[in-house]
Amino acid sequence: MANTTGNLTQQKGTRAATVTGLLSDIANLGTDPVRGGYTRPVYSTAELDLREWFIHQAIQRGLAVETDRNGATWAWWETPGGDRANALVTGSHLDSVPGGGPFDGPLGVASALVAVDILKTRGTVPTRPLAVVVFPEEEGSRFGVACLGSRLMTGAIDPDKARNLRDPDGNTFADVAKANGLDPRHIGKDEELLGLIGAFVELHVEQGRGLIDLNQPIAIASSILGHGRWRLSVTGQGNHAGTTLMADRHDPMIAASRTVVAIRDTARNQPHARATVGRLQPVPGGTNVIASRVDFWLDVRHPDDAVTASVVESIHQQAQLIAAEEGCTVTLSEESLSTTVHFDPGLQGALQLALPEAPILDTGAGHDAGVLSPYVPTAMVFVRNPSGISHSPEEHVLDEDAETGARVLADALASLLS
Ligand code: HGY
Ligand code: MN
Ligand code: MN
């Protein structure tokens, strides 16, 4: 359980906690001594401890805490009449990529808690319910599908496909979810809960340099680049590294490596495209073993979904040619796909009225707010990241910008609560 020093006073509503104080509470959860940064996969000990921390903080603020059928944690500040319809929802995620930074996700959750404090210290009486939500598996780092929790809630993923997702150790999502209190038979679209959400506003660390270059602490998001993930598996002939002549090899590592370079070249030649291979797994993975198979994962993003599809198709064709030249075979399968998202103009306009100084920026990073956007009005607020780097321990937010973000979120929520 995370310690919760320095936050006891705000439970009386006399003063708001600080974002940096809340983040320091969890700074020791999920640290990764090998990669650096944080590794907090969904339903890991660290992520479960983070959920407990959030629940404790929410209860301290008098919020009613519930976990939904898909594993998201909700903290409700109900209207005096106990109503939950047309709820204004904020929040983010607590899971991380392997070796991630401290802000991607937790900044949005901590800022939402502090924004509740600020609204309470201002004497706000909600005219519509306010909720803080923590969506599970936003990064898709354990089960391979980004924003799994929000995709399940909205019906954006088939529950059977979700139940059968496997983590790198072969555990199914159904088994892991069941071991953590969910009933796998009941995961899937939650019409009732979705129907309660009137708007969703997510605060997130900026994953880029827009605010640095504009010398501004806060931005309002305009859109999210369409993006997807595909798994490529190259199969060759496993063999002994010492007894197999080079001419006799069908080495999938060579085919995979050539394909990775072809992926880079293809994206380089397509304006605004981004293509990444950040994960590659040879099987069996022995130093003195020619691999029999190499699995690697492709992340492709582009503002135009048709271009994303054409880039992937081109990569698939090149992979097949390269595999054939190396005496191997290759398969490509889609693991998750998010089309380009344009946030709700009305909500974005309301935020602009509340935050007139904030520039409007697009983002190449996916978010739960993007998954929700076809179903409810959604918006995002970004906080400056002086390093411009994310999905890395070098991700950073200045203390004063973190507090500004929470205050700005409170202002934005206040403008939507009145
Ligand atoms: O991958 C993304 O864009 C997000 O950080 N999940
Ligand atoms: Mn992320
Ligand atoms: Mn994130």
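In short, a report on the structure. (Residues numbered from 1 in each chain as written. Chains lettered and ligands numbered in written order. Predicted model: local features only at pLDDT ≥ 70, side-chain atom pairs only at ≥ 80, totals over all residues. Heavy atoms only, no water.)

1. A few points about the overall build of the protein chain
Reasoning step 1: When its secondary structure is counted, the protein chain shows 13 helices and 15 strands.
Reasoning step 2: A compact globule built from 418 residues should have a C-alpha radius of gyration of about 22 Å, and the protein chain, at 22 Å, falls within 12% of that.
Reasoning step 3: Projected onto the principal axes, the alpha-carbon positions of the protein chain cover approximately 75 × 45 × 40 Å.
Reasoning step 4: Across the 418 residues of the protein chain, 54% fall into the buried class.
Reasoning step 5: Of the contacts formed within the protein chain by residues at least 6 apart in sequence, a portion of 76% connects residues at least 24 apart.
Reasoning step 6: Carbon and sulfur atoms make up 52% of the accessible area of the protein chain, which totals about 17,000 Å². (Helix = DSSP H or I, 4+ residues; strand = E, 2+ residues; numbered from the N terminus. Rg over C-alpha atoms; globule rule 2.2 N^0.38 Å. Buried < 20%, exposed > 50% of the residue type's maximum accessible area, 1.4 Å probe, protein only. Contact = heavy atoms within 4.5 Å. Areas by Shrake-Rupley, 256 points an atom, 1.4 Å probe, with all protein chains shown as cover.)

2. Observations regarding the coordination of the manganese ion (ligand 3)
Reasoning step 1: Each protein donor to the manganese ion (ligand 3) is listed here as His93 (NE2), Asp104 (OD) and His204 (NE2); together their distances run 2.1 to 2.2 Å.
Reasoning step 2: On the primary sequence, the residues serving as donors to the manganese ion (ligand 3) are separated as H-x10-D-x99-H.
Reasoning step 3: Here the manganese ion (ligand 3) and the manganese ion (ligand 2) are spaced 3.5 Å apart, linked through aspartate 104, which binds each one. With histidine 93 in strand E3 (residues 87-93) and histidine 204 in strand E5 (residues 197-205), this residue pair connects regions lying 111 residues apart in the sequence. (Donors = N, O, S within 2.8 Å, 3.2 Å for Na, K, Ca; no water.)

3. A word on the coordination of the manganese ion (ligand 2)
Octahedral metal centres with six donors ideally show angles of 90 or 180 degrees, and tetrahedral centres with four donors ideally show 109.5 degrees.
Reasoning step 1: Protein ligation of the manganese ion (ligand 2) involves Asp104 (OD), Glu139 (OE) and His391 (NE2), the donor distances falling in the range 2.0 to 2.2 Å.
Reasoning step 2: Taken in chain order, the donor set of the manganese ion (ligand 2) reads D-x34-E-x251-H.
Reasoning step 3: On the basis of relative accessible area, aspartate 104 is assigned to the buried category, the value being 5%.

4. A few points about unusual backbone geometry
Reasoning step 1: Residue proline 284 is bonded to the preceding valine 283 through a cis peptide linkage, with omega at 5°.
Reasoning step 2: Relative to the helices and strands, proline 284 is located in the loop between strand E9 (274-283) and strand E10 (289-290).
Reasoning step 3: Residues other than glycine seldom take positive phi values, yet cysteine 147 does so here, at roughly 55°.
Reasoning step 4: Residue position: cysteine 147 is located in the loop between strand E4 (130-135) and helix H4 (148-154).

5. Some remarks on the nonpolar core
Reasoning step 1: Formed by 52 residues in total, the largest nonpolar core has its most connected members in Phe54 and Leu107.
Reasoning step 2: When residues of this core are assigned to their parent elements, the largest contribution, 10 residues, is made by helix H3 (residues 106-121).
Reasoning step 3: Setting aside residues no more than four positions away along its own chain, leucine 107 makes contact with Val19, Leu23, Leu203, His204, Val205, Val383, Val397 and Ala402.
Reasoning step 4: If you look at the next biggest cluster of nonpolar residues, it comprises 25 residues, including Ala72, Ala131, Ala221 and Phe343. (Core = buried A, V, L, I, M, F, W, Y, C linked by side-chain atoms within 4.5 Å.)

6. Side note on the site of ligand 1
Reasoning step 1: The environment of ligand 1 is made up of Glu138, Glu139, Arg301, Ala365, Gly366 and His391.
Reasoning step 2: Glutamate 138 is positioned with one of its side-chain polar atoms (N or O) 3.0 Å from a nitrogen atom of ligand 1.
Reasoning step 3: Here histidine 391 contributes a side-chain N or O atom positioned 2.9 Å from an oxygen atom of ligand 1.
Reasoning step 4: Contact with the protein chains hides 95% of the accessible area of ligand 1, taken as 210 Å² for the molecule alone.
Reasoning step 5: Here the residues of the shell around ligand 1 are counted per class, giving 1 nonpolar, 2 polar and 3 charged. (Near = heavy atom within 4 Å. Polar contact = N/O pair within 3.5 Å; in protein donor to acceptor, adjacent residues only side chain to side chain. Nonpolar A, V, L, I, M, F, W, Y, C, P; charged D, E, K, R; others polar.)

7. Section: helix H2 (residues 45-60)
Reasoning step 1: Given a rise of 1.5 Å per residue, 16 residues ought to cover 22 Å, and the 22 Å separating the end C-alpha atoms of H2 matches this to within 8%.
Reasoning step 2: Those residues of H2 that fall on the buried side of the exposure criterion are Ala46, Glu47, Asp49, Leu50, Arg51, Trp53, Phe54, Gln57, Ala58 and Gln60.
Reasoning step 3: Downstream of H2 by a residue or two, glycine 62 has a phi angle that is positive, lying close to 75°. (Expected span 1.5 Å × (residues − 1).)

Scope: geometric values only; no functional claims are made or implied.
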